[in-house]
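Summary of the model geometry
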Amino acid sequence: MPRWSPDPMTLAWPEGPAEDEDAQDQTLQLVRSTLPAASEEASPDDRRQHLSFIQAIVTRMSQASSSAKTWLLPIVTLTFGYAVTKERALIAMLGVFAVVVFGILDANYLKQERAFRKLYDHVASGRDIPTFSLNPALAGPAGPKVNYWPDWEDIRSWAVAPIYGPLVLVGLAIAVWAHCR
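Throughout what follows, the structure given in this document is the object of discussion. (Residues numbered from 1 in each chain as written. Predicted model: local features only at pLDDT ≥ 70, side-chain atom pairs only at ≥ 80, totals over all residues. Heavy atoms only, no water.)

With that out of the way, let us pick up a nonpolar patch on the surface. Residues Leu-90, Met-93, Leu-169 and Leu-172 make up a contiguous nonpolar surface patch of about 410 Å² in total accessible area. At the level of secondary structure, the elements contributing two or more residues to the nonpolar patch comprise helix 3 (89-124) and helix 5 (161-180). In this fold, Leu-169 is placed in helix 5. (Patch = residues over 30% accessible without salt bridge, like charges linked within 9 Å, V, L, I, M, F, W, Y side chains within 5 Å. Areas by Shrake-Rupley, 256 points an atom, 1.4 Å probe, with all protein chains shown as cover. Salt bridge = Lys/Arg side-chain N within 4 Å of Asp/Glu carboxyl O. Helix = DSSP H or I, 4+ residues; strand = E, 2+ residues; numbered from the N terminus.)

Moving on to the side chain of Asp-106. Within the secondary structure layout, Asp-106 lies in helix 3. For Asp-106, a relative accessible area of 1% translates into the label buried. A polar atom in the side chain of Asp-106 sits 2.5 Å from the side chain of Lys-69. In terms of polar contacts, Asp-106 uses its side chain to reach the side chain of Tyr-164, at 2.9 Å. Sequence-distant contacts of Asp-106, that is, excluding residues within four places in its chain, are made with Ser-65, Lys-69, Ala-159, Val-160 and Tyr-164. (Buried < 20%, exposed > 50% of the residue type's maximum accessible area, 1.4 Å probe, protein only. Polar contact = N/O pair within 3.5 Å; in protein donor to acceptor, adjacent residues only side chain to side chain. Contact = heavy atoms within 4.5 Å.)

One pass over the full model with this rule turns up seven salt bridges. Between Arg-114 and Glu-153 there is a salt bridge whose closest N-O contact spans 3.3 Å. With Arg-114 in helix 3 and Glu-153 in helix 4 (residues 152-155), this residue pair connects regions lying 39 residues apart in the sequence. Accessibility expressed as a relative area gives 31% for Arg-114, which makes it partly exposed. A network of salt bridges, in which partner residues are shared, links Arg-114, Glu-153 and Asp-154.

Attention shifts here to the packing of helix 2 (residues 44-86) against helix 5. In the contact formed by helix 2 and helix 5, the axes pass within 10 Å of each other and the chain directions differ by 15°. Classified by the angle between their axes, helix 2 and helix 5 sit roughly parallel to one another. As helix 2 packs across helix 5, the resulting crossing turns out to be left-handed. Here Ala-68, Lys-69, Leu-72, Val-76, Phe-80, Ala-83 and Val-84 of helix 2 lie close against helix 5, whose contacting residues are Ile-163, Tyr-164, Leu-167, Val-170, Gly-171, Ile-174, Trp-177 and Ala-178. Grouping the constituent residues of the contact of helix 2 with helix 5 by class yields 13 nonpolar, one polar and one charged. (Axes fitted to C-alpha atoms, helices over the stretch in contact; angles between N-to-C directions. Parallel < 35°, antiparallel > 145°, perpendicular 65-115°, else oblique. Left-handed = near helix turned anticlockwise from the far one by under 90°. Nonpolar A, V, L, I, M, F, W, Y, C, P; charged D, E, K, R; others polar.)

Here you go:
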């Protein structure tokens, strides 16, 4: 509440709680009786909504992966094309660096997508995942530990290696050709 020094408003806060301990206990019991117990299984509607939230994240990861590829193509075309026309090995290496960065980013999107798919499977099968939890580490073998770097499985995936690998090789070939000229 905004105040200024000469205002006539006086605030008198109570010294203790507004209710005695018996009234607080009654309120606590009422709240506990109204809320579902933590051990109770989620309702089918809650489970469907939970799965919907997870599926939305999987879709977003897939779209981000597609966007990474979309952004990479003009960058690679520009850097590799310029390196060829001007015979600049350093520019070709800059393009290779961009391919590697976008490849790691895309592999990380794939890793996150896989982790959320695993969470989706756990929730769909009724395993012990807290209702509305969006922590994919709960469905992983390592527990709540999170590794943010893509694994070799993600990098070697059909969605990453066949796209970024040839681009790296082409960029390296252009860099070697430009360096030798």
